[in-house]
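# An overview of the molecular structure
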Amino acid sequence: MPILVMKFGGTSVANLDRIQRAAKRVALEVAKGYDVIVIVSAMSGETNKLVGFVNETSPLYDAREYDAIVSSGENVTAGLMALRLQEMGIAARSWQGWQVPINTTSAHGAARFIDIPRDNIDGKFAEGFQVAVVAGFQGVSAEGRITTLGRGGSDTTAVAFAAAFEAERCDIYTDVDGVYTTDPRISSKARKLDKIAFEEMLELASLGAKVLQTRSVELAMRYNVKLRVLSSFEEPSDDAGTLVCAEEMIVESKAVSGVAYSRDEAKVTLVTVEDKPGIAAAIFGPLADAGVNVDMIVQNIAESGYKGHDGGVTDMTFSCPVDQLARAEKALNDAKADGRIAFDRLEADTDVAKVSVVGIGMRSHAGVAAKMFETLSKEGVNIKVIATSEIKISVLIDRKYMELAVQALHDAFELEVEG
Ligand code: ADP
Ligand code: ASP
Ligand code: MG
């Protein structure tokens, strides 16, 4: 029997009615003759609630217990989905990560898959089971402890199962009817895309578009999983949603395909550091050791007379996720205290956001950066840091201008019209 993977996000399983609605979708696919692997998230809000419990109980928590606690939301929805399917006469059972087993590394809170042996679930399908409901977001380490894959990780569970079971397709059911040119909650002019290239989706996801977890897109690209994003609230149809696919299948010819934003950024500047070989390594080494994900980096030009010095000093600025700021500050201050680096002052700005334009068309269109900067300047938005790659340009700006910047860029690159 062909295998289909269907993943339901938090809003799609937010209460018993919605679980029933999702179960009906599963039943439709079972009726078509598929063996279905259903991946469920926790009910919406549940994981946040559990994370809150952990932080309140123990701010410097044991990450193994964090995972044991925050993974539990998915156990509830997996069981409820299996029960609902049984009520509909479908042979279904639930699986927690350790039962499959979903083997992961022991990097608690950000674990990665090692492998997903098929034998147990294949055995059940062979016995006549029609649906395996698997709790998303979780796995088990070699030490036998429960792990989680990072927020939004159920998407990655779904794609990993699609790859491991050679599924015909991986359908990600969520609360929007596909991938849009930007977050439809920020711009009413956002347009739904029929298709988006893996590379573009990867950039959009890693730059903040949370509709798919970044790792899920990486895996889909690596294993060539046919990945579709669609709404669990709309009537079923064969061409619903957005297909995430290889670049060759895309006909749009625009320079920019989408605008992403990330609200949760912090900007750190080390004022007056020595400008000499090895200084960047001395700064970013301790940050890496502390697990800080440094994103954008700027080093000012050091010139003679800079800040009253004879030369040989500069400022170093970088951005990182705002929830890693405390760790970054500690790592840098520790390195300063034991003489590994020297700087006058550390300035942290937490009122910043990152806005990015993404498009594979940038490879062949010139002038995208100029247009982006001109658009922001017309709106009076000051750019603090810039980063570019072959298919994206990101800027760090004051957070209060974030929505304005997204909308202005969406207009400037004419994303509301097909091209
Ligand atoms: P789920 O709980 O189903 O996993 P998420 O909340 O994680 O859903 O992701 C869906 C949300 O992603 C949407 O509600 C939307 O606000 C947001 N989003 C951000 N950027 C985009 C985009 N470019 N296209 C579609 N949705 C986006
Ligand atoms: N429930 C987890 C979260 O909220 C995983 C997921 O929904 O993908 O992050
Ligand atoms: Mg999600």
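Below: a short report on this structure.

Parameters at a glance
Residues numbered from 1 in each chain as written. Chains lettered and ligands numbered in written order. Predicted model: local features only at pLDDT ≥ 70, side-chain atom pairs only at ≥ 80, totals over all residues. Heavy atoms only, no water. Patch = residues over 30% accessible without salt bridge, like charges linked within 9 Å, V, L, I, M, F, W, Y side chains within 5 Å. Areas by Shrake-Rupley, 256 points an atom, 1.4 Å probe, with all protein chains shown as cover. Salt bridge = Lys/Arg side-chain N within 4 Å of Asp/Glu carboxyl O. Lys, Arg positive; Asp, Glu negative; His and termini not counted. Charge placed at Lys NZ, Arg CZ, Asp CG, Glu CD. Helix = DSSP H or I, 4+ residues; strand = E, 2+ residues; numbered from the N terminus. Buried < 20%, exposed > 50% of the residue type's maximum accessible area, 1.4 Å probe, protein only. Arc of directions from axis to C-beta. Contact = heavy atoms within 4.5 Å. Near = heavy atom within 4 Å. Polar contact = N/O pair within 3.5 Å; in protein donor to acceptor, adjacent residues only side chain to side chain. Nonpolar A, V, L, I, M, F, W, Y, C, P; charged D, E, K, R; others polar. Pairing = 2+ DSSP bridges. Core = buried A, V, L, I, M, F, W, Y, C linked by side-chain atoms within 4.5 Å.

### Considerations on a negative patch on the surface
- Taken together, the side chains of D194, D238, D239 and E418 make up a negatively charged region of the molecular surface.
- Along the polypeptide, D194 turns up in the loop between β9 (169-174) and β10 (195-197).
- Take D194: its relative accessible area is 54%, and that puts it in the exposed class.

### Notes on helix α9 (residues 279-289)
- Among the residues making up α9, those that are buried are I279, I283, F284, P286 and L287. One face of α9 carries all of its buried residues, which in axial projection span an arc of 155°. Seen from the open side of α9, the exposed residues pointing more than 90 degrees away from its buried face are A281, A288 and D289.
- Check the buried side of α9 and you find it contacts β13 (258-274), β14 (297-299), β15 (313-321) and α10 (325-337).
- Once α9 ends, the next one or two residues include G291, with phi positive near 75°.

### Here's the deal with the site of ligand 1
- Around ligand 1 there are 16 residues in total, and T174, D175, Y180, D183 and R185 lie nearest to it.
- Within the side chain of D183, a nitrogen or oxygen atom sits 2.8 Å from an oxygen atom of ligand 1.
- Within the side chain of K210, an N or O atom sits 3.4 Å from an oxygen atom of ligand 1.
- For ligand 1, the accessible surface in isolation is 570 Å², of which the surrounding protein chains cover 89%.
- Taken together, the residues of the shell around ligand 1 break down into six nonpolar, five polar and five charged.

### Structural notes on the pairing of strand β17 (residues 385-389)
- Both β17 and strand β18 (residues 392-398) contribute to a ladder of five bridges, which runs antiparallel. The partner of S389 across the bridge, within β18, is K392.
- Where β17 hands over to β18, the hairpin turn is made up of two residues, counted between the paired strands.

### Observations concerning the nonpolar core
- Counting residues in each nonpolar core, the largest one holds 42 residues, and the members touching the most others are V5, I37, I121, V134, F161, C170 and M201.
- For this core, the element with the highest residue contribution is helix α6 (residues 154-164), accounting for five residues.
- In this view, C170 contacts V5, A158, V159, A162, V225, K226, L227 and R228; residues no more than four positions away in its chain are not counted.
- Of all hydrophobic cores here, the second largest spans 24 residues; its members include V13, I19, A23 and V40.

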